[in-house]
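Structural overview for review
Read off the chains here:
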Amino acid sequence: MRGRLGIAFLAGFFPGLIAGVYLAWEVFPPSPGWSSPIELASPYQELWIVLAAQADAVERDPEALRRRLEALGMPDLPDRVAALAERGLLENWPSGIVQDLARVAQQVGARSPALVVILATPVPTRVPPSPTWIATPTPSLTSMPSPTATPTPLPSLTPTPTDALSPTPFSVGIETPTLTPTPSVPHRIERQMLCEASPLLRIRVFGPDGEERSGVRVWVSGPRGTEMLLTGLKPGMGEGYADVQMETQQTYRFGIEGLESALAEVIARPCRRPDGQTGWTGWEISVRLAD
Amino acid sequence: MHRPAVVIGVVGLGLLLGLGMGVFLGYSIWPVRYINVEPKDLHPDWQAEYVRMVALAYARDRDLALAQARLALLGDPIEVLQRLIARSPAPFSPQARSAAVDLLHALRASSASRSSGGSP
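Given the structure is predicted, the values throughout are model-derived calculations rather than measurements.

Focus on the overall build of chain A
Each helix and strand in chain A was counted, giving seven helices and 10 strands. For chain A, long-range pairs separated by at least 24 residues make up 62% of all intrachain contacts whose partners lie at least 6 apart in sequence. Approximately 14,400 Å² of chain A is accessible, and the part contributed by carbon and sulfur atoms is 59%.

As structure tokens, this is what we get:
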């Protein structure tokens, strides 16, 4: 009977089919040596993008750049390249790489304020690795009484607009606006100490006209080394704002790029918050740039 | 009624055809796709592209240690670069050729310096 032979054929065919697929997938799979960049692990894809950007800076071949980037098969390629440029900036990658990435991001259609800032920023000189002296004598840092809820402003040399600092819930003291110590650092600095659960060093840079200034590179030197911040990258925090998380009991120095000396040194010390709980001193430092 | 030998033969024939079809499907139609691979798993053409980019990046930043580390993802840096220069599947741009030769010289000089006990 033909039907029975058909059933017998299928009884052999399907197990054979399954066995064949199993052999091809599991027992003798092809070697992975024929992969394309789309299959690279994520860190290698990022490396690929960095290399493509650097290569393009030398070759200036849009066709080669397009081929290399399209090989990654990323539907959100412009955003990915832009994000990588911004990450490079925040993680203090060499500025040449960051600018190459920003340029390529714009080339592939990404648009973001950060890219404009990066591309407008001249390639900086090296940051001083560890500033060795503090610009301002800050007696209040070492002799700071335990913070109380009452601010005790010292006589100030010049009246300072208090709205330069954003209001914070646990403000425990306002320090004197400190004039810059040497003629070579003609910036005006104000510091406000805050008592908070997780201390933050907030930096706000103003231009000579009193307007917040974006795109200013400031360096912060702490227990984990020196890192570079760029003002204006935190949405909603202001054009001149940048911050860094502080580790408790650690000393942080900060300065503006291009200046040899630190503008201020602060430490996250224990303090008592208004609600009675123990906190740490965070800082908000405003710098008004000189002309 | 069929003889058992005929039935067994038909089952065997089905098995062989199914096996062939399964292998064909598994290799050609739905092949295994690797994800999260490393640069050394790339197709040779893409490996060559990677090496070209590393050489051009070196021409950009002059960071020999970095270029070496990047090439080491494919194997011995000097061998990898020599292989590219000797048998590149795609034509070099003038900048890429110059960068690759330049990097090869730098790697050789560095290697010679290390083997002679000089500073790296």
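So that's the structure; there's more coming.
Considerations on the overall build of chain B
When its secondary structure is counted, chain B shows five helices and zero strands. N-terminal to C-terminal, the α/β element order of chain B is α-α-α-α-α. Taking all 120 residues of chain B together, 36% fall into the buried category. The contacts of chain B with a sequence gap of at least 6 include a subset with a gap of at least 24, amounting to 57%. Summed over all atoms, the accessible surface of chain B reaches about 6,700 Å², with 62% contributed by carbon and sulfur.

Remarks on the interface of chain A and chain B
Taken together, the contacts link 48 residues of chain A with 47 residues of chain B. Of the roughly 4,200 Å² buried between chain A and chain B, counting both surfaces, carbon and sulfur atoms make up 70%. Looking at the side of chain A facing chain B, the largest losses of area belong to E39(A), W48(A) and L51(A), adding up to 13% of the total buried there. When the shortest N-O distance is used, the salt bridge between E39(A) and R33(B) registers 3.2 Å. Our count for the chain A to chain B interface comes out at 22 residue pairs in polar contact (both at pLDDT 80 or more). Looking at the side of chain A that touches chain B, the elements that each hand over two or more residues are α1 (2-27), α2 (42-59), α3 (62-70) and α5 (95-107) of chain A. Sorting elements by how many residues they give to the side of chain A that touches chain B places α1(A) first, with 16 residues.

Some points on the side chain of D100(A)
Residue placement: D100(A) occurs in helix α5. Overall, D100(A) belongs to the buried group, its relative accessible area being 2%. Within the structure, the side chain of D100(A) is placed 2.6 Å from the side chain of R60(B), a separation counted as a polar contact.

As for the sheet that holds strand β4 (residues 217-222) of chain A
Adjacent strands of a sheet form backbone hydrogen bonds with each other and so pair up, either parallel or antiparallel. Residues and elements named next belong to chain A. If you walk across this open sheet you meet the four strands as β5-β4-β7-β8, and the pairing is antiparallel. The open sheet has two edge strands with one neighbour each: β5 (225-230) and β8 (264-267). Taken pair by pair, the neighbouring strands of this sheet meet at an average axis angle of 25°, ignoring direction. In the sheet, β4 pairs with strand β7 (residues 251-256) via four bridges, with the strands oriented antiparallel. Directly across from W219, in β7, lies its bridge partner G255.

Some words on the packing of aromatic side chains
The geometry of an aromatic ring pair comes down to the distance between the two centres and the angle between the two planes. Under the definition given, this model contains four aromatic pairs over all chains. Seen in terms of ring centroids, F9(A) and F13(A) are 5.8 Å apart; in terms of plane orientation they differ by 20°. Their pairing is stacked. Linking F9(A) with F13(A), this pair stays in helix α1, spanning four residues, or about one helical turn. Measuring from centroid to centroid gives 5.9 Å for W48(A) and W46(B), while their planes differ by 70°, and the two rings are edge-to-face. On the criterion of chain membership, the pair formed by W48(A) in helix α2 and W46(B) in helix α2 (residues 44-61) is interchain, its members lying in two chains. You can call W48(A) buried: its relative accessible area is 1%. A network of ring pairs unites the aromatic residues F9(A), F13(A) and F14(A) as a single cluster.

Concerning α3(A)
Residue and element names in this part refer to chain A. Along α3, the residues that are buried comprise A64, L65, R68 and L69. Projection of α3 onto a plane perpendicular to its axis shows the buried side chains occupying an angular sector of 125°, all on one side. In this structure, α3 carries P62 and E70 as exposed residues pointing more than 90 degrees from its buried face. Sitting at the amino-terminal end of α3 is D61, which places a side-chain oxygen 3.1 Å from the backbone nitrogen of E63.

So, how was this worked out
- Residues numbered from 1 in each chain as written.
- Chains lettered and ligands numbered in written order.
- Predicted model: local features only at pLDDT ≥ 70, side-chain atom pairs only at ≥ 80, totals over all residues.
- Heavy atoms only, no water.
- Helix = DSSP H or I, 4+ residues; strand = E, 2+ residues; numbered from the N terminus.
- Contact = heavy atoms within 4.5 Å.
- Areas by Shrake-Rupley, 256 points an atom, 1.4 Å probe, with all protein chains shown as cover.
- Buried < 20%, exposed > 50% of the residue type's maximum accessible area, 1.4 Å probe, protein only.
- Buried area = accessible area lost by both parts, 1.4 Å probe.
- Salt bridge = Lys/Arg side-chain N within 4 Å of Asp/Glu carboxyl O.
- Polar contact = N/O pair within 3.5 Å; in protein donor to acceptor, adjacent residues only side chain to side chain.
- Pairing = 2+ DSSP bridges.
- Axes fitted to C-alpha atoms, helices over the stretch in contact; angles between N-to-C directions.
- Phe/Tyr/Trp six-rings, centres within 6.5 Å; stacked < 30°, edge-to-face > 60°.
- Arc of directions from axis to C-beta.

So yeah, pure geometry; function would need other evidence.
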